[in-house]
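# Breakdown of the fold
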Amino acid sequence: MTLDDIKNTFENNNTFIVFAHVTPDGDAVGSGLAVYNLLKDLGKELEFAAKDVPANFEYLKGFDSIVEMPSKDKYDVAIVVDCPDYKRIREVYWPYFENAKTTIEFDHHTKNTMFADYCIVDQACPACCQILSSSFDYMGYEATKAIAECLLTGVITDTGGFKNEGTNMETFELAGWCVNKGVNLTKIYKDSMTTITRTKFEEEKIAMDRMEFFADGKIAFTYILKADDDKIKTVPGDHDGIVEIGRNIKGVEISIFLYEREEGGTYKASLRSNEYVDVSEICLLFGGGGHVRAAGATMKMSFEDAKKALINEAIKNIK
Ligand SMILES: [Mn+2]
């Protein structure tokens, strides 16, 4: 079985590099650090490379060791977590993936391209951290408390605090197991989900103020521009979850949040749905993807074109 091969790969190599998707969220950071801590405990030489990691995950072991760029030229093994295609890790990381002797991926996104030598992919799983938990179990590695904190962080954030579709018995079993291990669920829930930066609060106010509705209130749309970020002095992670504001409004099926990444025409779209629209299909049209109820895409076009294209596609999906 693939996990036996992965265990062999873990045991028989020395240098490892870990990557996750761009603009990492709690599941990406939790997954990356869970693998990092596991391999570190096995005495391996490794790095987890990521950029724009939200500071609210600083309580996780290994957070301070995250590097923006890998320090070696080449690694025996490259591991990609929480990512449907290695092209969705930062472009500067692609060569490290391509030059590794062996590649491994753990993921739960739809339309995963099975891009590694060894792929552990379960689209029905609500968090990559949940896949890692069962994978570690199968391989006979018992997670330490520090690893349990990483796993719980990913599970809490990707399930929206145990409420999103896909949350299942294994999710609660994992949470229960973490609590039993001594993990402080209250603190992790607060740090990863409910406590927000003052700058994020300011962004949310703007996003709420700009909320527009289409298709009889079934589509909610809002946005943040680079000028807003500059004025408020936002930090990585401040845009996370703003799309939920629209989804939580009664009657809304699709919530769209658009934010400007770089001045002059790169926008990140985040989409959420409540009951029947597969937003990953909409995002796929723009080169993105994700999950049935949560997806995103990067759009290189003007703000007006991006807004129009997204709303048009959303309307087509509304019943
Ligand atoms: Mn995830």
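Residues numbered from 1 in each chain as written. Predicted model: local features only at pLDDT ≥ 70, side-chain atom pairs only at ≥ 80, totals over all residues.

## Observations regarding the domain arrangement of the chain
Frequently, the measure chosen for interface size is the accessible area that the parts lose on association. Under the domain assignment used here, the chain contains domain 1 (2–194) and domain 2 (198–316). Each of domain 1 and domain 2 was reduced to a C-alpha centroid, and the two centroids are 26 Å apart. Its residues assigned to classes, the side of domain 1 that touches domain 2 comprises four nonpolar, four polar and four charged. (Domains from an automatic or database assignment. Nonpolar A, V, L, I, M, F, W, Y, C, P; charged D, E, K, R; others polar.)

## Quick notes on the packing of helix α5 (residues 145–158) against helix α7 (residues 185–194)
Contact geometry of α5 with α7 gives a least axis separation of 10 Å together with a crossing angle of 50°. When the axes of α5 and α7 are compared, the pair comes out oblique. Read as a crossing pair, α5 and α7 show a hand that is right-handed. Contacts from Glu149, Leu152, Thr153, Ile156 and Thr157 of α5 reach α7 at Ile188, Tyr189, Ser192 and Met193. (Axes fitted to C-alpha atoms, helices over the stretch in contact; angles between N-to-C directions. Helix = DSSP H or I, 4+ residues; strand = E, 2+ residues; numbered from the N terminus. Parallel < 35°, antiparallel > 145°, perpendicular 65-115°, else oblique. Left-handed = near helix turned anticlockwise from the far one by under 90°. Contact = placed C-beta atoms within 7 Å.)

## Some details on helix α12 (residues 303–317)
Between its first and last C-alpha, α12 extends 22 Å over 15 residues, near the 21 Å set by a 1.5 Å rise per residue. Turning to α12, its buried residues number three or more, namely Ala306, Leu310 and Ala314. End-on view of α12: buried residues confined to an arc of 55°, all on one side of the axis. Turned more than 90 degrees off the buried face of α12, the exposed positions are Glu304, Lys308, Asn312 and Lys316. Where α12 is buried, its residues touch β7 (219–224), β8 (254–262), β9 (266–273), α11 (279–284) and β11 (294–299). (Expected span 1.5 Å × (residues − 1). Buried ≥ 20, exposed ≤ 12 C-beta atoms within 10 Å, placed from the backbone. Arc of directions from axis to C-beta.)

## Some thoughts on the nonpolar core
Within the largest apolar cluster, 59 residues are counted, with the highest numbers of intra-cluster contacts made by Val18, Phe19, Ala78, Val80, Val81 and Leu151. Broken down by element, this core gets its largest block of residues, eight residues, from helix α2 (residues 26–41). Ile242, Ile256, Ala269 and Met299 belong to the second-largest nonpolar core, a separate cluster that totals 28 residues. (Core = buried A, V, L, I, M, F, W, Y, C linked by C-beta atoms within 7 Å.)

## Points about α5
Between its first and last C-alpha, α5 extends 20 Å over 14 residues, near the 20 Å set by a 1.5 Å rise per residue. Along α5, the residues that are buried comprise Ile147, Ala148, Glu149, Cys150, Leu151, Leu152, Thr153, Gly154, Val155, Ile156, Thr157 and Asp158. Buried residues along α5 sit in contact with α2, α4 (128–139), α6 (169–180) and α7.

## Looking at the sheet that holds strand β6 (residues 212–214)
The six strands are arranged β6-β7-β8-β9-β11-β10 in an open sheet whose pairing can be described as mixed. Because the sheet does not close on itself, it has two edges, and the strands there are β6 and β10 (289–290). Sheet topology note: the β6/β7 ladder contains three bridges and is antiparallel. Across the sheet, Phe214 pairs through a bridge with Ile219, a residue of β7. Where α12 meets the sheet, it contacts β6, β7, β8, β9 and β11, and its direction lies at approximately 160° from that of β8. (Pairing = 2+ DSSP bridges.)

## Some thoughts on the environment of Ala20
Among the secondary structure elements, Ala20 is positioned in strand β1 (residues 15–20). For Ala20, a count of 31 C-beta atoms within 10 Å corresponds to the buried category. With 30 residues separating them along the chain, Ala20 and Ala50 place their C-alpha atoms 7.1 Å apart. In this view, Ala20 contacts Ala28, Ser31, Gly32, Ala50, Val81, Asp82, Cys83 and Ile89; residues no more than four positions away in its chain are not counted.

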